[in-house]
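Descriptive structure summary
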Amino acid sequence: MDDSRYKRLRDADHRHLWHPFTQMRSWMADDEPLIVERGEGNWLIDVNGRRYLDGVSSLWCNVHGHRKAALDAALETQLGKVAHSTMLGMANVPAIELARELVAIAPPGLTRVFYSDSGAEAVEVALRIAAQYWQLRGAPRRTRFLALTESYHGDTVGSVSLGYSEMFHRHVKPLLFPVLKAEPPHLFRFQRGMEADAAQAAAIAAARDLIAANRDELAALIVEPMMQGAAGMWNHSADYLRAVTQLAREAGALVIFDEVAVGFGRTGKMFACQHAALSPDLMCLGKGITGGYLPLAATLASEAIFEAFLGEPHEYRAFYYGHTYTGNPLAAAAALANLGIFRDERVIDRVQPLIAQMREGLAQRFGAHPRVADLRQAGLMVGIEVMADPKSRTAYPSQALTGARIARAARSRGVAIRPLGDVIVLMPPLSITPDELDLLLSTTREALEEVTAG
Ligand SMILES: *Cc1c(COP(=O)(O)O)cnc(C)c1O
């Protein structure tokens, strides 16, 4: 182990880097940051050669793990052709082919693909398309958006307006535009102590009232289908998703599904809205779209929306929006190879027994644990809610950093996970093996035990 190299890197990190979502004082006080050097299958390897099972797919992205041969090869092939060319005034081969393939697998009715570079931008694009759509359609009053409380849609100002979280975003509040917020079933259940069925009925009734009161001004509803990820893994049923979608449509509004986290097999279907057999008008994709290889995102739109933007150049109906790297050929080549892997390796079929194993393993190892308040799962997307006293729903004090300490304890046992507050998140690659999944669950349980015992 070349300890001097590790120290050099650590000191340079502490001196020059500013990490996202990170209190840098705590970060800089930590003498042992994990510095990744390589990846191999479902494992990350740090500069000291220590191995960590990648329990959250490198922040929910690497669906097939690391150094996936088909992805490496696709990138090498594309590198031999061209790494970047612009989508302004010209097209490129992988961007065209990827659009065709995305439309082929997307829920019915989505026929157009607009590229960007991150999930937040995919949401920003959907928001801007929806807003302009109603102006172009001669309904200038339709300017309001309806989102779920504690949804997360990314970190640009537009997407933060939709997914505002008091804890993270209060310092940008003056910059945000007002958004209507419907409380999801989760809040009725856990803040008001309702049973699951009553909570869902109350959430639907609340959404109905809100939509009725804003019928003529509603531009679009935006939802993370089946699971509000960054909120702390708040799930809802396909019935709830169908009900709010229908209410929005009855009011004449568009429906946007943010599948940035739940898309690409994460919930056991290619797209989470397929659990409810729904098609949105706009769908946002990111994270897993390139198999976790390169930053790429896409907003899919219906032909009816697309057509509203058509006209003569001098009418200025075009969608004046874009980023420099929009439709980057290298990223598109990775995404194409990713879709090829889903097809060739029958990933969605292969993941089903793993989902069952996850369900059983969670129940077995955490179901009766005295500090576990709730287990939430959609496919291989899991939240384990940890509390000081689950019966009275008393949380640990936030200064105790319980979730972070559990993650650290898991790391010292060779498993890399990142919690959301005191919700332990498990989001393994879809390529995780049964043995590795077992290791993930048993190690997480040991870490929970170590931190919460006594
Ligand atoms: C992560 C996430 C985003 C933002 O994606 P970035 O690539 O981080 O900008 C948007 N929506 C959802 C549901 C997400 O989970």
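Model, not experiment: these values are computed from the prediction.

**A few points about the packing of aromatic side chains**
Counted under the stated rule, the structure contains 9 aromatic pairs. Here phenylalanine 264 and phenylalanine 271 contribute two aromatic rings whose centre-to-centre distance is 5.6 Å and whose plane-to-plane angle is 70°, an arrangement assigned as edge-to-face. Take phenylalanine 264: its relative accessible area is 1%, and that puts it in the buried class. Residues phenylalanine 264 and phenylalanine 342 carry aromatic rings whose centres are separated by 6.4 Å and whose planes lie at 50° to one another, so their mutual orientation is tilted. Residue phenylalanine 264 is found in the loop between strand E10 (254-258) and strand E11 (282-285), and its partner phenylalanine 342 is found in helix H13 (residues 329-344); the two are separated by 78 residues along the sequence. Members of the aromatic cluster, each reached through a chain of ring pairs, are Phe114, Phe309, Phe319 and Tyr321.

**Re the site of the ligand**
In the region of the ligand, the neighbouring residues are Trp60, Ser118, Gly119, Ala120, Tyr152, His153, Gly154, Glu224, Asp258, Val260, Ala261 and Lys287. Glycine 119 is positioned such that a nitrogen or oxygen atom in its backbone is 2.8 Å from an oxygen atom of the ligand. For the shell around the ligand, a count of residues per class yields 5 nonpolar, 4 polar and 3 charged.

**Digging into the side chain of glutamate 259**
Take glutamate 259: it is sitting in the loop between E10 and E11. One buried charged side chain, glutamate 259, makes no salt bridge at all; its nearest oppositely charged neighbour is arginine 266, positioned 10 Å away. A polar atom in the side chain of glutamate 259 sits 2.8 Å from the backbone nitrogen of cysteine 273. If we ignore the near neighbours within four places in the chain, the residues touching glutamate 259 are Pro225, Phe271, Ala272, Cys273, Met283, Cys284 and Leu285.

**A short note on helix H16 (residues 434-452)**
Between its terminal C-alpha atoms H16 stretches 27 Å, which fits the 27 Å expected from 19 residues at 1.5 Å a residue. Here H16 has its buried residues at Glu436, Leu437, Leu440, Leu441, Ser442, Thr443, Thr444, Ala447, Leu448, Val451 and Thr452.

**Some words on the domain arrangement of the chain**
Taken domain by domain, the chain holds domain 1 (34-64 + 346-452) and domain 2 (72-344). Distance between the C-alpha centres of domain 1 and domain 2: 26 Å. The interface is formed by 30 residues belonging to domain 1 together with 27 residues belonging to domain 2. For the domain 1 and domain 2 pair, buried surface summed over both sides reaches about 2,300 Å², with 63% attributable to carbon and sulfur atoms. Three residues stand out in domain 1 for area buried against domain 2, namely Trp60, Arg376 and Met381, and they jointly supply 26% of the buried area on that side.

Quick notes on the rules
- Residues numbered from 1 in each chain as written.
- Predicted model: local features only at pLDDT ≥ 70, side-chain atom pairs only at ≥ 80, totals over all residues.
- Heavy atoms only, no water.
- Phe/Tyr/Trp six-rings, centres within 6.5 Å; stacked < 30°, edge-to-face > 60°.
- Buried < 20%, exposed > 50% of the residue type's maximum accessible area, 1.4 Å probe, protein only.
- Helix = DSSP H or I, 4+ residues; strand = E, 2+ residues; numbered from the N terminus.
- Near = heavy atom within 4 Å.
- Polar contact = N/O pair within 3.5 Å; in protein donor to acceptor, adjacent residues only side chain to side chain.
- Nonpolar A, V, L, I, M, F, W, Y, C, P; charged D, E, K, R; others polar.
- Lys, Arg positive; Asp, Glu negative; His and termini not counted.
- Salt bridge = Lys/Arg side-chain N within 4 Å of Asp/Glu carboxyl O.
- Contact = heavy atoms within 4.5 Å.
- Expected span 1.5 Å × (residues − 1).
- Domains from an automatic or database assignment.
- Buried area = accessible area lost by both parts, 1.4 Å probe.

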